[in-house]
Amino acid sequence: MVDVNYTSLSKAMSKALRHRPERIGIALASDGSVELQTLIDALNSRGGWPRMLDEDDIMQVVEHGSKQRFAVENGRIRARYGHSIPVREAYDRSEPPAVLYHGTTKVRLESIMREGLQPMGRQKVHLSTDVPTAHQVGARHGGQTVILTIDASRAARDGIAFYCGNDSTWLADHIPACYLAIDRDND
Ligand code: HQG
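This report concerns the structure included in the present document. None of the values given here were measured: they were computed from a predicted structure.

## Regarding the site of the ligand
Point 1. In the neighbourhood of the ligand, 19 residues make up the surrounding shell, with K67, H102, T104, S111 and H141 lying closest.
Point 2. R122 places a polar side-chain atom, nitrogen or oxygen, 2.7 Å from an oxygen atom of the ligand.
Point 3. In isolation the ligand exposes 790 Å². Once the protein is present, 89% of that is buried.
Point 4. Among the cavities detected, the one that contains the ligand is the largest pocket.
Point 5. Listed by contribution, the elements that provide at least two residues to the shell around the ligand are β4 (99–105) and α4 (109–115).
Point 6. Top element by residues in the shell around the ligand is α4. It accounts for three residues.

## A closer look at the layout of surface pockets
Point 1. Here the largest pocket defines a volume of roughly 760 Å³.
Point 2. If you go around the largest pocket, you meet 33 residues; those closest to its centre are R122, H126, V137, R140 and H141.
Point 3. Of all the elements in the fold, those that place two or more residues in the lining of the largest pocket are β4, α4, β5 (125–128) and α5 (131–139).
Point 4. Across the lining of the largest pocket, the residue classes break down as eight nonpolar, 17 polar and eight charged.
Point 5. The space that makes up the second largest pocket amounts to roughly 330 Å³.

## Some remarks on the environment of V137
Point 1. Within the element layout of this structure, V137 appears in helix α5.
Point 2. With 35 residues separating them in the primary sequence, V137 and H102 have C-alpha atoms 7.9 Å apart.
Point 3. Setting aside residues up to four positions removed in sequence, V137 forms contacts with G103 and S128.

Rules behind the numbers
- Residues numbered from 1 in each chain as written.
- Predicted model: local features only at pLDDT ≥ 70, side-chain atom pairs only at ≥ 80, totals over all residues.
- Heavy atoms only, no water.
- Near = heavy atom within 4 Å.
- Polar contact = N/O pair within 3.5 Å; in protein donor to acceptor, adjacent residues only side chain to side chain.
- Areas by Shrake-Rupley, 256 points an atom, 1.4 Å probe, with all protein chains shown as cover.
- 1 Å grid on protein atoms, 1.4 Å probe; cavity = no way out; pocket = protein on both sides within 12 Å on 5 of 7 lines; lining within 4 Å.
- Sits in = over half its atoms within 2 Å of the grid points.
- Helix = DSSP H or I, 4+ residues; strand = E, 2+ residues; numbered from the N terminus.
- Points joined across faces, edges and corners; volume = space filled by probe spheres on them.
- Nonpolar A, V, L, I, M, F, W, Y, C, P; charged D, E, K, R; others polar.
- Contact = heavy atoms within 4.5 Å.

This is the structure in C-alpha cells:
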C-alpha cells in the first residue's frame with residue numbers, strides 16, 4: 001500500500017501555515033499558530049491522502065523535514081518562516097551572525113542593488129548563514145545564480161531588525177543596498 005508522501009504533506013502544511021489557511025478552513029492565531037489537532041482534522045477533511053493523517057505524520061515532517069520549517073509547542077503548530085500572510089508576534093528579534101548571504105538570480109540584481117532586498121511576496125526577506133544554502137535558495141528561481149553578502153553586523157548596529165528562522169535561515173524586513181555586496185567568488 002502506498003503510504004503518505006511526506007514531501008506532499010510538508011507542502012500542504014506550508015500552504016496552510018504560511019499562505020492560505022482559509023483554503024482548508026482554518027484560522028491562525030496572531031503568532032501564526034493553530035492547534036495541531038485542528039490542522040490534522042482540516043487536512044483530513046480536505047482529503048487526497050492514502051489514509052487518515054495522524055499526529056505522528058505531522059511530527060515526522062516537523063522533526064525530520066529538511067529545513068526545520070515548523071515548530072510545535074504546547075499542542076500548537078506554526079511555520080517558522082516563509083509567510084506571505086501577515087503574522088504578528090511570529091518572530092523573535094535577535095543578534096544575527098556578522099555576515100549573511102542571499103542567493104538570487106542575475107536578472108533581479110539590478111533592481112536589488114537599487115532598492116535593496118525586499119520581501120516581495122513574503123512578509124520578510126530570507127537570508128542564509130552559508131554560501132551553499134544561499135546557492136540552493138537562488139537556484140530555485142532558475143537562471144544564473146548570484147550570491148550577495150550582507151554586512152549584518154553593521155546593519156544590526158544601524159538598527160535593522162533580524163529574526164532567526166532556522167539553523168541556516170535568518171529574516172529581516174528590508175535590507176537597504178548599502179549593506180549588500182556581490183560575492184564574485186561564489187557566483
Ligand atoms: C528577489 C525557501 C527584485 C529575491 C528558501 C528572490 C528560502 C528582489 C525573490 C525561502 C528584490 C523572492 C525564501 C528587489 C528581493 N527586486 N527582486 N528589490 N528583493 N528580490 O521565493 O529568498 O523551501 O519569496 O532575491 O529556502 O528566494 O519554502 O524568496 O529571488 O528560505 O522552506 O525576490 O523559501 O524555503 O523569492 O526564498 P522568494 P527566497 P522553503
